[in-house]
Amino acid sequence: TKDGYAHYMLKEIHEQPIAVANTIADRLFNDAIADDFIGADAREILSQTKQIHIVACGTSYHAGMVARYWLEAITQIPTQVEIASEYRYRKPVIPANTLFLTISQSGETADSLAALRFAKKAGYLATFAVCNVANSTLDRESDECILTHAGPEIGVASTKALTTQLAVMALLTLKLAELRDVDIKVRKNLAKQLRTLPGIINQSLLLNNQIKVFAEQIVQRDHALFLGRGVHYPIALEGALKLKEISYIHAEGYPAGELKHGPLALVDDKMPVIAVCPNDELLEKLESNIEEVRARGGELYVFVDHKSQHGLKDRVPYLIEMEASGSFTSPIVFNVPLQLLSYHVAVLRGTDVDQPRNLAKSVTVE
Ligand code: M6R
């Protein structure tokens, strides 16, 4: 049931704090990741891993993209991320000791399963999966499956599934960091960020009324651009996917540094530009990208935290300040208001939010 919410999507957005808490429970202890977090052989496999290939579709692909930033920056393990429908039809080179990892909510996505079946014969170290459905085909056919404990996701638009996939990928990053003896101070800090995540997601849900104000503006437009940089670039892609999927407004996500290489030509006073702008090492760069948009009359909607708001609050008409959450978990937190934004735009447009036209929850055919 929808528990009194107007749509499953809204219910599932609000279930995220508890879904994350369930996903990290019994897995994260102080700064250590439980050994039975994966299967019995996993420790050995992870110790031998020299590269990681992540393969997924749609929103799950975005989870892989975020994880790549974490894995490379924190564990220095070279990581590639690819869309399953592309991966399965090319001839990928697989260096020795490469771990294959699929991410999927349903565990039944045809292209992801085909990629897994290819990978099983291709000489990988092992095949791992991150999946929300126990006993799904992906769970059964992968060597090891780490379950997200999001609970059933009914809305076609993926919300809590992504958030818990990211929580699992954060745990996996921490496990690899532990096995590679990454500085304990760094690991402690990352673990602390993960533990505070449910509370901070809760805070971001309280921004609902402010987000509705953004939605009332954006609903009048036919296009939207989403910008982010670094680990927040995949969050911009996800924001755009969500908006087009449920509101049918054309939207594109861009790494903000690419603006001048083409999309800036689209910007005028009818183009809403939504930017994810936390205080991180790329803040200054993103600020100048925002200035480029402002100078062309683009309509700016910016999500900031307490530190990054300083340089922007006088220049940007639509600004929402989020609770700062630390650079590791920040992409997870900044994704939440984008989910709410798409939701409210779709409701105002009167679309079928939980069952958007032409789409299926689980894409079991090619
Ligand atoms: O079940 P999966 O995670 O494998 O599904 C992958 C995509 O079909 C899915 O994430 C899709 O992009 C969502 N509807 C996006 O909200």
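Calculation rules
- Residues numbered from 1 in each chain as written.
- Predicted model: local features only at pLDDT ≥ 70, side-chain atom pairs only at ≥ 80, totals over all residues.
- Heavy atoms only, no water.
- Helix = DSSP H or I, 4+ residues; strand = E, 2+ residues; numbered from the N terminus.
- Rg over C-alpha atoms; globule rule 2.2 N^0.38 Å.
- Contact = heavy atoms within 4.5 Å.
- Areas by Shrake-Rupley, 256 points an atom, 1.4 Å probe, with all protein chains shown as cover.
- Lys, Arg positive; Asp, Glu negative; His and termini not counted.
- Charge placed at Lys NZ, Arg CZ, Asp CG, Glu CD.
- Pairing = 2+ DSSP bridges.
- Right-handed = clockwise from strand over helix to strand, strands pointing away.
- Near = heavy atom within 4 Å.
- Polar contact = N/O pair within 3.5 Å; in protein donor to acceptor, adjacent residues only side chain to side chain.
- Nonpolar A, V, L, I, M, F, W, Y, C, P; charged D, E, K, R; others polar.
- Core = buried A, V, L, I, M, F, W, Y, C linked by side-chain atoms within 4.5 Å.
- Buried < 20%, exposed > 50% of the residue type's maximum accessible area, 1.4 Å probe, protein only.
- Axes fitted to C-alpha atoms, helices over the stretch in contact; angles between N-to-C directions.
- Parallel < 35°, antiparallel > 145°, perpendicular 65-115°, else oblique.
- Left-handed = near helix turned anticlockwise from the far one by under 90°.
- UniProt positions renumbered as here; feature names shortened; annotations may be inferred.
- Expected span 1.5 Å × (residues − 1).

## Some thoughts on the overall build of the protein
Helix and strand counts for the protein come out as 13 helices and 12 strands. A globule of 366 residues ought to have a C-alpha radius of gyration of about 21 Å, and the protein, at 20 Å, matches this closely. For the protein, contacts bridging at least 24 residues in sequence account for 78% of all contacts bridging at least 6. Only carbon and sulfur atoms are counted for the fraction: they give 49% of the accessible area of the protein, which is about 14900 Å². In the protein, the 37 positive side-chain charges and the 44 negative ones have mean positions that sit 2 Å from each other.

## Let's talk about the pairing of strand 4 (residues 79-83)
Of the strand pairs in this sheet, strand 3 (residues 51-56) and strand 4 are connected by 5 bridges, and their pairing is parallel. By the bridge assignment, His-53 is partnered in strand 4 with Gln-80. In this region the chain leaves strand 3, passes through helix 4 (residues 58-75) and returns to the parallel neighbour strand 4; the handedness of that crossover is right-handed.

## Topic: the site of the ligand
Surveying the vicinity of the ligand reveals 14 residues, the closest of which are Ser-60, Ser-104, Gln-105, Thr-109 and Glu-245. In the model, an oxygen atom of the ligand is placed 2.7 Å from a nitrogen or oxygen of the Ser-106 side chain. At a separation of 2.5 Å, a nitrogen atom of the ligand approaches a polar side-chain atom of Glu-245. Notes on the ligand: free accessible area 410 Å², of which the protein chains cover 90%. Contributing elements (two or more residues each) for the shell around the ligand: helix 4 and helix 11 (233-247). If you tally residues by element for the shell around the ligand, the top one is helix 4, at 3 residues. Of the residues belonging to the shell around the ligand, the class tally is 4 nonpolar, 8 polar and 2 charged.

## Some words on the nonpolar core
With 88 residues, the main nonpolar core has Trp-70 and Met-169 as its most contacted residues. Top contributing element to this core by residue count: helix 8 (residues 160-179), with 11 residues. Not counting residues within four places of it along the chain, the set of residues in contact with Trp-70 comprises Thr-75, Leu-166, Met-169, Ala-170, Thr-173, Val-231, Phe-328, Pro-331 and Ile-332. Judged by nonpolar contacts, the second largest core, of 19 residues, contains Cys-277, Leu-283, Ile-290 and Leu-312.

## Quick look at the sheet that holds strand 11 (residues 299-305)
With respect to topology, 5 strands assemble into an open sheet ordered 9-8-10-11-12, the strand pairing being parallel. Two strands bound the open sheet, and with one partner strand each, they are strand 9 (250-255) and strand 12 (318-322). Across this sheet, the average inter-strand angle for adjacent strands is 15°, counted without regard to direction. Bridge analysis of strand 8 (residues 223-228) against strand 10 (residues 272-277) gives 3 bridges, and the strand direction is parallel. Among the inter-strand pairings, Leu-225 is bridged to a residue of strand 10, identified as Val-273. Its contacts with the sheet place helix 11 against strand 8, strand 9 and strand 10, and it is angled at close to 175° to strand 9.

## Digging into unusual backbone geometry
Even without glycine at this site, Asp-26 takes up a positive phi of about 65°. By the secondary structure assignment, Asp-26 is in the loop between helix 2 (16-24) and strand 1 (28-29). The phi torsion at Asn-135 lies on the positive side, around 75°, for a residue other than glycine. Turning to its location among the elements, Asn-135 is positioned in the loop between strand 6 (126-131) and helix 7 (137-141). Using a relative accessible area of 56% as the deciding quantity, one classes Asn-135 as exposed.

## Comments concerning the packing of helix 2 against helix 8
Two elements in contact, helix 2 and helix 8, have axes whose closest approach is 9 Å; the angle formed by their N-to-C orientations is 30°. Taken together, the axes of helix 2 and helix 8 lie roughly parallel to each other. The element helix 2 and its partner helix 8 pack so that their crossing is right-handed. For the pair helix 2 and helix 8, the contacting residues are Gln-16, Ala-19, Val-20, Thr-23 and Ile-24 in the first and Lys-160, Thr-163, Thr-164, Ala-167, Val-168 and Leu-171 in the second.

## A word on the UniProt feature "active site" (unreviewed entry) in the protein
Annotation from UniProt places "active site" (unreviewed entry) at Lys-361. Its location among the elements puts Lys-361 in the segment after helix 13 (330-349). Discounting chain neighbours no more than four positions away, the residues touching Lys-361 are Gln-105, Glu-153, Ile-154, Gly-155, Val-156, Ala-157 and Ser-158.

## Looking at helix 11
Taking 1.5 Å of rise per residue, 15 residues should cover 21 Å, and helix 11 covers 21 Å from first to last C-alpha, within 8% of that figure. By the criterion of burial, helix 11 is predominantly enclosed, with 13 of the 15 residues buried. Following helix 11 by one or two positions, Tyr-248 adopts a phi angle in the positive range, close to 65°.

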